Amino acid sequence: MMVEGHWNQVAPGVFQRRYDPLDISVGAVLGGHGVTIIDTRNNAREAQEIIDDATAQFGLPIVAVINTHAHYDHTFGNQLFAQQGIPIYGHRRIPAHFEQFEKPRLEMVRRSPELEPDLDWEGVQLTPPSHLLEERCTLSLGGRDIEVIPLGEGHTDTDLAIHIPDAKTWFLGDIIEQSGPPMFGSGAHPLGWPGVLESLLARIQPGDVIVPGHGEPVDREFVIKQLHCFELLAAALDAGLQNGTAIEDIVFPAQVRTLWPTDFLHEAAKDAYTQLPGAQ
């Protein structure tokens with residue numbers, strides 16, 4: 001049973017804690033010599049909560065951090081871990097993504113905090129990972145092997161799949177979401193997303209535990225169902241562009257409209273229309 005506000009063991013030596021705001025999944029992978037933390041939340045204060053909670057719960061040093069992707073709610077706490085000399089691993093494109101998306105948004109909110117009153121970014125210093133990953137590799141962290149797999153363009157172009165083989169557990173960031181629909185914007189690639197999920201399903205086995213970026217752990221069947229929705233969405237977007245259909249006039253299948261509200265679908269269309277060949 002998942003308990004909010006607590007570290008929940010999802011597999012032997014692997015824990016998830018769901019933090020507000022935004023119901024962020026933070027992971028903790030225990031080894032014999034230390035803990036690896038997955039994702040760092042919105043700012044240094046929230047990152048300190050992770051450190052305090054993990055130290056109190058596990059009694060082991062934090063030896064590494066892994067970012068599932070570049071978005072602010074998963075990386076803006078990086079600075080605190082870096083200040084403490086903790087290595088941070090992430091996709092090689094995170095620095096470029098920061099420059100294109102996160103930095104402009106951070107500067108906008110600082111200039112006009114009333115635009116995002118729920119975001120506490122006053123002291124945030126953009127801190128990309130200290131170890132940038134380009135190819136699949138296995139990291140031995142704190143006495144535990146963790147496989148990290150850079151993915152193709154999907155939720156962003158910075159997504160990593162994090163696999164703990166001996167626990168048959170995956171942390172997938174926002175490639176999969178459970179407590180709400182997957183999000184677009186800020187570098188999303190809705191047309192590439194189905195292929196990313198297909199590549200993951202070729203590796204994920206029945207019985208594996210999958211921790212989404214937001215929400216409760218899911219299974220392989222959940223990913224298959226979400227993939228089907230992405231395939232329908234991509235087909236509708238592709239047809240819309242090929243036919244010259246305006247974004248607001250695209251006809252989305254009922255199953256797609258069940259998962260995503262209209263404003264999300266229009267955001268996906270904006271992303272796709274700028275990325276498809278022939279788009280202006």
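Residues numbered from 1 in each chain as written. Predicted model: local features only at pLDDT ≥ 70, side-chain atom pairs only at ≥ 80, totals over all residues. Heavy atoms only, no water.

With respect to the sheet that holds strand S9 (residues 144-150)
Taking strand neighbours across the sheet as the criterion, the five strands line up as S8-S9-S10-S11-S12 in an open arrangement whose pairing is mixed. At either margin of the open sheet sits one strand with a lone partner, and together these are strand S8 (137-141) and strand S12 (209-211). In this sheet, neighbouring strand axes are inclined to one another by 25 degrees on average, regardless of whether the strands run parallel or antiparallel. The pairing of strand S10 (residues 160-164) with strand S11 (residues 169-171) spans three bridges and is antiparallel. Bridging across to S11, isoleucine 162 finds its partner in phenylalanine 171. (Pairing = 2+ DSSP bridges. Helix = DSSP H or I, 4+ residues; strand = E, 2+ residues; numbered from the N terminus. Axes fitted to C-alpha atoms, helices over the stretch in contact; angles between N-to-C directions.)

Thoughts on the pattern of salt bridges
In this structure the tally under the stated criterion is 15 salt bridges. With a shortest N-O distance of 3.8 Å, arginine 45 and glutamate 46 are connected by a salt bridge. The partner of arginine 144 in a salt bridge is aspartate 166, with the nearest N and O atoms 3.0 Å apart. Of this pair, arginine 144 sits in strand S9 while aspartate 166 sits in the loop between S10 and S11; the two residues are 22 residues apart in sequence, bridging distant segments of the chain. Residue classification places arginine 144 among the buried positions, given a relative accessible area of 9%. (Salt bridge = Lys/Arg side-chain N within 4 Å of Asp/Glu carboxyl O. Buried < 20%, exposed > 50% of the residue type's maximum accessible area, 1.4 Å probe, protein only.)

As for the sheet that holds strand S1 (residues 8-11)
Taken together, the seven strands give an open sheet; going across it, the order is S1-S2-S3-S4-S5-S6-S7, and neighbouring strands pair in mixed fashion. One side of each edge strand has no neighbouring strand; the edge strands of this open sheet are S1 and strand S7 (131-133). On average, each strand axis in the sheet is tilted by 25 degrees relative to the strand beside it, whichever way the strands run. Judged from the four bridges that link them, strand S3 (residues 24-30) and strand S4 (residues 35-38) form a sheet pairing that is antiparallel. Residue leucine 30 lies in a different strand from S4, and its bridge partner there is valine 35. Relative to strand S2 (residues 14-19), helix H1 (residues 44-58) is tilted by about 140 degrees, and along the sheet it contacts S2, S3, S4 and strand S5 (62-66). (Contact = heavy atoms within 4.5 Å.)

No statement about biological role is implied by the geometric values presented.
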